[in-house]
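Chain by chain, the residues:
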Amino acid sequence: QVQLVESGGGLVQPGGSLRLSCAASGIIFSATIMGWYRQAPGKQRELVAELTSADSGGDIVYAASVKGRFTISSDNAKKMVYLQMNSLKPDDTAVYYCNLRKLGPFGYNYWGKGTQVTVSS
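Conventions used here
- Along each chain, the written sequence defines residue order, and numbers are assigned to residues from 1.
- Given that the model is predicted, a residue must reach a pLDDT of at least 70 before its local features are reported, and side-chain atom pairs must reach 80 or more before they are shown or counted; all residues, however, enter totals for whole chains, interfaces and linings.
- The basis for every side-chain value is the complete set of non-hydrogen atoms in the structure, without hydrogens or water.
- Buriedness for pockets is judged along seven lines, at least five of which must meet protein on both sides within 12 Å for an open set on the 1 Å grid over protein atoms alone, while cavities are sets there where a 1.4 Å probe fits but cannot get out, and lining residues have an atom within 4 Å of a point.
- Grid points are joined across faces, edges and corners, and a volume is the space filled by probe spheres set on the points.
- Residues are grouped as follows: Ala, Val, Leu, Ile, Met, Phe, Trp, Tyr, Cys and Pro are nonpolar; Asp, Glu, Lys and Arg are charged; all remaining types, including Gly, are polar.
- Residue types Ala, Val, Leu, Ile, Met, Phe, Trp, Tyr and Cys, when buried and joined through side-chain atoms within 4.5 Å, form a set referred to as a nonpolar core.
- The rule is simple: take the accessible area with a 1.4 Å probe, protein chains only, and divide by the maximum for that residue type; under 20% is buried, over 50% is exposed, in between is partly exposed.
- Secondary structure elements are defined from DSSP: runs of H or I of at least 4 residues count as helices, runs of E of at least 2 residues count as strands, and each element is numbered from the N terminus.
- The term polar contact refers here to a pair of N or O atoms within 3.5 Å; inside protein, the definition further demands a hydrogen-donor-capable atom paired with an acceptor-capable atom, and it admits residues adjacent in sequence only when both atoms are side-chain atoms.
- Contact criterion: two residues are considered in contact whenever any of their non-hydrogen atoms come within 4.5 Å of each other.
- The pairing test for Phe, Tyr and Trp rings, Trp by its six-membered ring, is centres within 6.5 Å, and the orientation test on the planes gives stacked under 30 degrees, edge-to-face over 60, and tilted for anything in between.
- Salt bridge, as applied in this entry: a Lys or Arg side-chain nitrogen positioned within 4 Å of an Asp or Glu carboxyl oxygen.

Draft legend 1. Local environment of the layout of surface pockets. Here the largest pocket is characterised by a volume of approximately 160 Å³. Arg38, Lys43, Glu46, Asp91 and Asp92 are the residues nearest the centre of the largest pocket, which is lined by 13 residues in total. Of the residues contributing to the lining of the largest pocket, the split by class is two nonpolar, four polar and seven charged.

Structure below.
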């Protein structure tokens, strides 16, 4: 059974930093797309950052709103995905979700339960 568990959320002042972690179990990082999404109250879930596993090119995509401030990374051996968030703004307040997906006939799409990030003074 695949499980994704996010951690690292919390309350932080504007300009501060947080590091989110996503621990995956029951899955192998192969041809996997690892992503962080977020959903603010009253808004749709949106992509924050996405990383393709090294065996598929290691490409990274960031939302324009976080580019230059957030960094996505992974440790495949530990089955971990991270999101380093710097220079946080109140608009970054949301529930952040970890996502693992794989395309193709044997593909999958898994979500964690989310971790709350609140940026406020």
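Let's pick the thread back up.
Draft legend 2. The arrangement of the nonpolar core in detail. Judged by nonpolar contacts, the single largest core of 29 residues is most densely connected at Trp36, Leu83, Met85 and Tyr96. At the level of secondary structure, the elements contributing two or more residues to this core comprise strand 3 (18-25), strand 4 (33-39), strand 5 (46-52), strand 7 (70-75), strand 8 (80-85), strand 9 (94-102) and strand 11 (115-119).

Draft legend 3. Region of interest: the side chain of arginine 69. Within the element layout of this structure, arginine 69 appears in the loop between strand 6 (60-62) and strand 7. Side-chain polar atoms of arginine 69 contact the side chain of aspartate 92, separated by 2.8 Å. Once residues lying within four places of it in the same chain are set aside, the contact partners of arginine 69 are Gln84, Met85, Asn86, Ser87, Leu88, Lys89 and Asp92.

Draft legend 4. Expanded view of the side chain of aspartate 92. Here aspartate 92 shows up in the loop between strand 8 and strand 9. Polar side-chain contacts of aspartate 92 include one of 2.8 Å to the backbone nitrogen of lysine 89. Discounting chain neighbours no more than four positions away, the residues touching aspartate 92 are Arg38, Arg69, Phe70, Ser87, Val117 and Val119.

Draft legend 5. Molecular detail of the packing of aromatic side chains. By the definition in use, this model includes two aromatic pairs. Ring centres 4.9 Å apart and planes at 65° place the aromatic pair tyrosine 37 and tryptophan 111 in the edge-to-face group. Of this pair, tyrosine 37 sits in strand 4 while tryptophan 111 sits in strand 10 (residues 108-111); the two residues are 74 residues apart in sequence, bridging distant segments of the chain. Judged by its relative accessible area of 15%, tyrosine 37 falls in the buried class. For tryptophan 111, a relative accessible area of 36% corresponds to the partly exposed category.

Draft legend 6. Structural context of unusual backbone geometry. Even without being a glycine, lysine 79 presents a positive backbone phi close to 55°. Its place among the elements puts lysine 79 in the loop between strand 7 and strand 8.

Draft legend 7. Local environment of the pattern of salt bridges. Here the structure, examined in full by the defined rule, presents four salt bridges. Note that glutamate 46 is salt-bridged to arginine 38, the shortest N-O span being 2.7 Å. Residue glutamate 46 is classed as partly exposed on the basis of its relative accessible area, which comes to 37%. Between aspartate 92 and arginine 38 there is a salt bridge whose closest N-O contact spans 2.9 Å. You can see aspartate 92 sitting in the loop between strand 8 and strand 9 and its partner arginine 38 sitting in strand 4, a full 54 residues away along the chain. A relative accessible area of 1% places aspartate 92 in the buried class. We classify arginine 38 as buried; its relative accessible area is 6%.

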